[in-house]
Amino acid sequence: MKEKYPSHDELLAIGQKYIANSYSPYSRFPVCCVIVSASGKTYVGVNVENGAYPLSRCAEQIAVGAMVTAGERQIREVFIYSRADEPATPCGACRQIISEFASSDASLTCENEKGVKLSFSVAELLPHAFSLKAK
Ligand code: THU
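A brief structural summary. No experiment lies behind these values; they were computed from the predicted model shown.

### Quick look at the packing of helix H2 (residues 59-69) against helix H3 (residues 92-99)
- Relative orientation of the contacting elements H2 and H3 amounts to 20°, with a least axis distance of 9 Å. Classed by the angle they form, the pair H2 and H3 counts as roughly parallel. As for the relative orientation of H2 and H3, their crossing is left-handed in sense. Contacts between H2 and H3 pair Glu-60, Gln-61 and Val-64 from the former with Cys-94, Ile-97 and Ile-98 from the latter.
- When its residues are assigned to classes, the contact of H2 with H3 shows four nonpolar, one polar and one charged.

The structure is reproduced here in structure tokens:
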């Protein structure tokens with residue numbers, strides 16, 4: 001029977017495929033983010049830059065948007081694929097955007113094309129995240 005959640009190799013294959021669609025002509029820094037939701041589905045985003053630079057969007061923001069648009073609200077795992085020497089970790093804004101939809105122990109893996117991996121929990125990347133939700 002097929003596992004409910006994708007394996008690391010499946011996430012890597014998605015990252016390797018979709019990073020080619022990154023629109024990053026200004027930074028030349030392509031990123032692909034694959035989100036695994038609680039249901040086990042995957043949602044993909046790549047960074048989409050703009051000639052008016054501040055309008056550029058990170059891969060994580062696009063992936064979160066795809067998940068929410070599909071009607072899901074719970075992130076189980078985040079996989080971020082880049083070609084940087086040191087695997088790209090999410091920027092501060094993206095850490096907050098991820099934390100809106102992830103429990104503090106949800107896992108993030110950042111990997112580059114050389115296979116270097118960094119792993120974190122959401123709480124490690126954004127301790128004391130802002131939340132309007134009553135605890
Ligand atoms: N970027 C992402 O999409 N995600 C990250 O985790 C780090 C940075 C993008 C933003 C911009 O398009 C390019 O990478 C360089 O900063």
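### What to know about the layout of surface pockets
- By volume, the second largest pocket is sized at about 170 Å³.
- What lines the second largest pocket is a set of 14 residues, and nearest its centre among them are Phe-29, Val-31, Asn-47, Cys-58 and Glu-60.
- Class assignment for the residues of the lining of the second largest pocket results in seven nonpolar, four polar and three charged.

### Description of the packing of aromatic side chains
- Under the criterion given, the structure shown has one aromatic pair.
- Geometrically, the ring pair formed by Tyr-26 and Tyr-53 is tilted, given 5.6 Å between the ring centres and 50° between the ring planes. Taken as a pair, Tyr-26 in the loop between helix H1 (8-18) and strand E1 (31-37) and Tyr-53 in the loop between strand E2 (42-46) and H2 lie far apart in primary sequence, 27 residues in all.
- Above the plane of the ring of Tyr-5 lies Arg-76, whose end atom (NZ or CZ) is 3.5 Å from the centre.

Parameters at a glance
Residues numbered from 1 in each chain as written. Predicted model: local features only at pLDDT ≥ 70, side-chain atom pairs only at ≥ 80, totals over all residues. Heavy atoms only, no water. Axes fitted to C-alpha atoms, helices over the stretch in contact; angles between N-to-C directions. Helix = DSSP H or I, 4+ residues; strand = E, 2+ residues; numbered from the N terminus. Parallel < 35°, antiparallel > 145°, perpendicular 65-115°, else oblique. Left-handed = near helix turned anticlockwise from the far one by under 90°. Contact = heavy atoms within 4.5 Å. Nonpolar A, V, L, I, M, F, W, Y, C, P; charged D, E, K, R; others polar. 1 Å grid on protein atoms, 1.4 Å probe; cavity = no way out; pocket = protein on both sides within 12 Å on 5 of 7 lines; lining within 4 Å. Points joined across faces, edges and corners; volume = space filled by probe spheres on them. Phe/Tyr/Trp six-rings, centres within 6.5 Å; stacked < 30°, edge-to-face > 60°. Lys NZ or Arg CZ within 6 Å of the ring centre and 35° of its normal.

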